[in-house]
Structure formats: structure tokens, C-alpha cells
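Structural overview
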Amino acid sequence: MATRTIKDVRNTMKYLREHDPEGLTAIEKYDKWAATYKSDLELMEYQSPKLAADIIASNFNGQPEDALVLDVACGPGQLPKWMNKHGFKHFVGIDGSKEMIKLATETGLYKELKEILLGPNPLPFKAGMFDVVVILGALEPTYVPFSILTEMCQVTKPGGLICVSKTNHMFDDGKSTVDLEKELQTLVEKGLWIRIERKKFDKILKKTCLKNNEEAEGYTSGTIHLFRVPSV
Ligand SMILES: C[S@@+](CC[C@H](N)C(=O)[O-])C[C@H]1O[C@@H](n2cnc3c(N)ncnc32)[C@H](O)[C@@H]1O
């Protein structure tokens, strides 16, 4: 296959956006994108998995090598590579896309992977199973619904960490970011978790195109949030 360029990524994203009206679900889009998804993310210089791993590692109190980590909407499985560098070794992944699960399997870094559409189906894990639970780039309208956040709190051990990342996409005028921030704060007020960190980064992803498909320069910003589930 010829080497992909940022222009190819732009065309892929444009294609996927234009097929919205034809009713492609988020999962069908990821299945279609899978063949070039990993190299496209590299071209876009996607940073969230590395940044999340650094923030988790600097706030984790136990022995990383003993910790069990759940990667919700794991996509092609970028997170374990970066958490490995901090000594984390045990990963479980879940995603609704068959093709993404295949890519995640190829990394060889997950002890278990589940193909499940979240929202209609709950997280299939017992309460308090995980030391760290992570969701990166998947709390978007039409992707994983906010109700997953309460489920994530339930499957995290008391005192465990939850990491959430949000990319400020150029398509939605910031509404999805505002809505997510409100939801995260609601869970703080309900006492489901305690906020540990909220870090904004100017460069999470290279921009490809704007709402009207005009080419875009520069980078998209994003935020990594870290919470701790209260100890009982
Ligand atoms: C932007 S990708 C993020 C992948 C990975 N977390 C990362 O940051 O590299 C979004 C992922 O969410 C998954 N996804 C979207 N909606 C989902 C749902 N309702 N249930 C399960 N997975 C979903 C997609 O298949 C895709 O792999």
C-alpha cells in the first residue's frame, strides 16, 4: 500500500462524515476505518494514550505490575504500550467494533478483549474489579453514552483511579466538551469520585479539516481528567 499522507486522512474523515446521513453507526465507521486507522493516528500525532498513561502513573499509589487496568472503548489498543513503560502489565479491553478488537488483539498486550456495544449493554464486569479504568476519546455524541461513567465507578476498586480524555473536535463548536464537563462535575457532586487532575493540552491531535471540509492547519486541543473513587 502506498504511504498515507495527511491528505488521505482528511479524505477518509470527510468520507466518514458525509456518510452520517446514510446512517452509518459510529461502530460501522470504525470498522471501515480500521485498515488505516493506526497509521492515520500516527500521522495525526495522537497524544492522549501517552499523556493519560503519564498522568495515571504519577498518581497511582500501588504497585503498577499488580494492577488490573480496564481500557473502555480501547480502539486499536494504544494505551497498554504507554502504560507498560510505567510498569503496568495487566489490561482488559472492550470495544464495540470487531475490526478495532482485531487490531487490539494484534498488540498482544491485553489478557482479555470483549466486543460489546456499550450503552445498550452494560460493562460486563463485577463491582470493584479494576485498579484503573480508562476511557479515551470515546465520550462523544453517538459514541459511548455518559451513563458509562457511573458503570466505570462501579467496576473500579475503592481508592482506584479513573481517567477520561476529551479531544476538542472542530466539528461541534465545543458543545460536547461543555456537556462532558458538566457530567463529570455531577459525579463529583454525587460523591461517586473525587477529582485529582484536570490538564488541558494544546496539541492532542493534528487537525485535518473543518466543519465545511476546508483543510485545517495546526492542532486540536484536549483535556485529560483524573478521578479517584472514594475509599470505603
Ligand atoms: C476515537 S476512538 C478511541 C480509541 C482509543 N480509546 C484511543 O484513544 O486510541 C473511539 C472508539 O470508541 C468505540 N466506540 C464508539 N462507540 C462505542 C460504543 N457504543 N460501545 C463500544 N465502543 C464504542 C469505537 O469503536 C472506537 O474504537
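Here we summarise the structure given alongside this text. (Residues numbered from 1 in each chain as written. Predicted model: local features only at pLDDT ≥ 70, side-chain atom pairs only at ≥ 80, totals over all residues. Heavy atoms only, no water.)

Here we come to the site of the ligand. Taken together, 20 residues form the shell around the ligand, and within it Tyr46, Ala73, Asp95, Leu118 and Leu136 come nearest. Gly96 places a main-chain nitrogen or oxygen 3.0 Å from a nitrogen atom of the ligand. Note that a nitrogen atom of the ligand is positioned 2.8 Å from one of the backbone N or O atoms of Leu118. When isolated, the ligand has an accessible area of 600 Å², and the protein chains bury 95% of it. Here the ligand occupies the largest pocket. Counting residues per element, the shell around the ligand draws most heavily on helix H2 (residues 26-43), at 3 residues. For the shell around the ligand, a count of residues per class yields 14 nonpolar, 5 polar and 1 charged. (Near = heavy atom within 4 Å. Polar contact = N/O pair within 3.5 Å; in protein donor to acceptor, adjacent residues only side chain to side chain. Areas by Shrake-Rupley, 256 points an atom, 1.4 Å probe, with all protein chains shown as cover. 1 Å grid on protein atoms, 1.4 Å probe; cavity = no way out; pocket = protein on both sides within 12 Å on 5 of 7 lines; lining within 4 Å. Sits in = over half its atoms within 2 Å of the grid points. Helix = DSSP H or I, 4+ residues; strand = E, 2+ residues; numbered from the N terminus. Nonpolar A, V, L, I, M, F, W, Y, C, P; charged D, E, K, R; others polar.)

In this section: H2. For an α-helix, the turn length of 3.6 residues means that residues three or four places apart are oriented alike. The end-to-end C-alpha distance of H2 is 21 Å, clearly below the 26 Å that 18 residues give at a rise of 1.5 Å each. Along H2, the largest kink reaches about 75 degrees and is centred on Ala34. Those residues of H2 lying buried are Ala26, Lys29, Tyr30, Trp33, Ala34, Thr36, Tyr37, Asp40 and Leu41. Backbone geometry just downstream of H2 places Glu45 in the positive-phi region, at approximately 55 degrees. (Expected span 1.5 Å × (residues − 1). Bend = angle between axes of the 7 residues up to and from the residue. Buried < 20%, exposed > 50% of the residue type's maximum accessible area, 1.4 Å probe, protein only.)

This paragraph deals with the pattern of salt bridges. Here the structure, examined in full by the defined rule, presents 9 salt bridges. Lys206 is the salt-bridge partner of Glu45, the closest N and O atoms lying 3.3 Å from each other. One end of the pair, Glu45, is in the loop between H2 and helix H3 (48-59); the other, Lys206, is in strand E6 (residues 194-206), and 161 residues separate them in sequence. Lys206 sits in the partly exposed class, given a relative accessible area of 27%. In this structure, the salt-bridge partner of Asp54 is Lys50, at a minimum N-O distance of 2.7 Å. Of the two residues, Asp54 and Lys50 both sit in helix H3, 4 residues apart, roughly one turn of that helix. (Salt bridge = Lys/Arg side-chain N within 4 Å of Asp/Glu carboxyl O.)

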